[in-house]
There are 2 protein chains.
Amino acid sequence: MEELPGALGTSASLALRLGQAIFASASLFFMCLEIEFYSYTAFCYLVTVMGLMVPWSLTLAVVDGYSVFVRHLPPQTRVTSIIVTGDWVLSFLSLGAACSTASVADILLEAGISYCSAKLCSRYRLSAAMAFLSWFLSLISSLFNLWLLPSL
Amino acid sequence: MEELPGALGTSASLALRLGQAIFASASLFFMCLEIEFYSYTAFCYLVTVMGLMVPWSLTLAVVDGYSVFVRHLPPQTRVTSIIVTGDWVLSFLSLGAACSTASVADILLEAGISYCSAKLCSRYRLSAAMAFLSWFLSLISSLFNLWLLPSL
């Protein structure tokens, strides 16, 4: 079987996973650091989803790294289907979180200075943008693995 | 080739498309009727996406109805891929719109009576719920057609 770039165990997949983990961590960083985010449901949801995304991406990045640098792991049907499902669910969750955060940040900025200062709102927006990037990379990973699935 | 329930041209697909059109219309109805929704970006976005979803679903429902009741249309690769792509894009757009609307309605209700009365907010929420249902049916249609695609 030929190697599909982006599927589990390739260097492209390693790059995608690292990108997901970095963007998800950046989203968490902008949202959590010295900010009280508990007052809005959408922000709590974003933190939950990104808190799931970081360990998931890092675990798969370790598997990819092992497969690239140490010993090649052949793709297996069951493992690939679990990974496709996980990526799928996480990508939907993170899209929802990113959209909610972006719209709430927009509303808060419109509502005026009493709800969020310009600096705070720009941090919320940055966090939403990072979550969007993380969603996009997760979707790409999922599509590559889904593409590989029928050939196994 | 055996018939796959839910793929284009079957009665299950007709039911899914009608469901999508009905839920999307209900979402539009709750959002637009005698309400000024222009003040919030998220609500305008929902109206745009649902305004795309209704004609798309109705067109495909007509095709399905023709195939079921008049003359069976054999599935074609090019048509199915276009439909899968369209469903895909629309399902992502409608998920984003539903999440945004739900979180904005939540924030407005929290912010107090000056932004939206309880009756108005419950209509926003109903609209978001209908958009979620429409997203779900659109995703199911997309998955069935994607499943059919490799066998064509």
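- By the naming in an unreviewed UniProt entry, chain A is CASP-like protein, taken from Citrullus colocynthis.
- For chain A, the Subunit (unreviewed entry) comment in UniProt is given as "Homodimer and heterodimers."
- The UniProt entry for chain A carries this comment under Subcellular location (unreviewed entry): "Cell membrane".

**Some thoughts on the overall build of chain A**
No. 1: Along the backbone of chain A there are four helices and zero strands.
No. 2: When the helices and strands of chain A are read in sequence order from the N terminus, they spell out α-α-α-α.
No. 3: Overall size of chain A, expressed as C-alpha extent along the three principal axes, is 60 × 25 × 20 Å.
No. 4: Considering only contacts in chain A between residues 6 or more positions apart, those separated by 24 or more positions represent 79%.
No. 5: For chain A, the centre of its 6 positive side-chain charges and the centre of its 8 negative side-chain charges are spaced 5 Å apart.

**With respect to the environment of Ala102(A)**
All names here are of chain A.
No. 1: Counting through the fold element by element, Ala-102 comes out in helix α3 (residues 77-111).
No. 2: According to the relative accessible area criterion, Ala-102 is partly exposed, its value standing at 29%.
No. 3: Each C-alpha atom of the pair Ala-102 and Tyr-45 lies 12 Å from the other, and the pair is 57 residues apart in sequence.
No. 4: Those residues in contact with Ala-102, other than ones at most four positions away along the chain, are Ala-128 and Phe-132.

**Re the nonpolar core**
No. 1: The biggest cluster of nonpolar side chains holds 48 residues, and the ones touching the most others in it are Phe43(A), Leu108(A), Tyr124(A), Phe43(B), Leu108(B) and Tyr124(B).
No. 2: Looking at this core, the elements that each hand over two or more residues are α1 (11-32), α2 (41-70), α3 and α4 (118-148) of chain A together with α1 (11-32), α2 (41-69), α3 (77-111) and α4 (118-148) of chain B.
No. 3: If near-sequence neighbours (up to four positions away) are discounted, Phe43(B) is found in contact with Met31(B), Phe37(B), Thr101(B), Val104(B), Ala105(B), Leu108(B) and Tyr124(B).
No. 4: Residues Cys99(A), Leu139(A), Cys99(B) and Trp135(B) belong to the second largest nonpolar core, which totals twelve residues.

**Let's talk about the interface of chain A and chain B**
No. 1: Chain A puts 21 residues into the contact, and the matching count from chain B is 21 residues.
No. 2: Regarding the contact of chain A and chain B, the summed buried area is about 1600 Å², with carbon and sulfur atoms giving 73% of it.
No. 3: When the area that chain A buries against chain B is broken down by residue, the three leading residues are Trp88(A), Phe92(A) and Ile107(A), summing to 30%.
No. 4: The tally of links between chain A and chain B comes to zero salt bridges.
No. 5: Across the contact surface, chain A and chain B share three residue pairs in polar contact (both at pLDDT 80 or more).

**Some words on the packing of aromatic side chains**
No. 1: One pass over the structure, following the stated rule, counts 16 aromatic pairs over all chains.
No. 2: Each ring, one from Phe132(A) and one from Trp135(A), has its centre 6.5 Å from the other, and the planes form 75°; the classification is edge-to-face. One end of the pair is Phe132(A) and the other is Trp135(A), both in helix α4 and three residues apart, which spans about a single turn.
No. 3: An angle of 35° between the planes, with centres 4.3 Å apart, marks the rings of Phe43(B) and Tyr124(B) as tilted. With a gap of 81 residues between them, Phe43(B) in helix α2 and Tyr124(B) in helix α4 connect regions that are remote in the sequence.
No. 4: A relative accessible area of 3% places Tyr124(B) in the buried class.
No. 5: By way of ring pairs, the aromatic residues Trp88(A), Phe92(A), Phe132(A), Trp135(A), Phe136(A), Trp88(B), Phe92(B), Phe132(B), Trp135(B) and Phe136(B) are connected into one cluster.

**Description of the relation of the copies chain A and chain B**
No. 1: When chain A is fitted onto chain B, the two copies agree to an RMSD of 0.0 Å after a turn of 180° and an axial shift of 0.0 Å. Given the turn and translation reported, the copies of this chain are related as if by a two-fold rotation axis. Considering only C-alpha atoms, the residue of chain A closest to the rotation axis is Ser100(A), which sits at 2.3 Å.
No. 2: Comparing contact sets, 100% of the residues at the interface of chain A also lie at the interface in chain B, consistent with an isologous, same-surface contact.

**Considering the UniProt feature "transmembrane region" (unreviewed entry) in chain A**
All names here are of chain A.
No. 1: The sites that UniProt annotates as "transmembrane region" (unreviewed entry) are residues 12-31, 43-68, 88-109 and 130-149.
No. 2: With 100% helix and 0% strand, residues 12-31 has its two end C-alpha atoms placed 29 Å apart.
No. 3: A distance of 36 Å separates the end C-alpha atoms of residues 43-68, which is 100% helix and 0% strand.

What counts, and at which threshold
- Residues numbered from 1 in each chain as written.
- Chains lettered and ligands numbered in written order.
- Predicted model: local features only at pLDDT ≥ 70, side-chain atom pairs only at ≥ 80, totals over all residues.
- Heavy atoms only, no water.
- UniProt positions renumbered as here; feature names shortened; annotations may be inferred.
- Helix = DSSP H or I, 4+ residues; strand = E, 2+ residues; numbered from the N terminus.
- Contact = heavy atoms within 4.5 Å.
- Lys, Arg positive; Asp, Glu negative; His and termini not counted.
- Charge placed at Lys NZ, Arg CZ, Asp CG, Glu CD.
- Buried < 20%, exposed > 50% of the residue type's maximum accessible area, 1.4 Å probe, protein only.
- Core = buried A, V, L, I, M, F, W, Y, C linked by side-chain atoms within 4.5 Å.
- Buried area = accessible area lost by both parts, 1.4 Å probe.
- Salt bridge = Lys/Arg side-chain N within 4 Å of Asp/Glu carboxyl O.
- Polar contact = N/O pair within 3.5 Å; in protein donor to acceptor, adjacent residues only side chain to side chain.
- Phe/Tyr/Trp six-rings, centres within 6.5 Å; stacked < 30°, edge-to-face > 60°.
- Least-squares fit on C-alpha atoms with pLDDT ≥ 70 in both.

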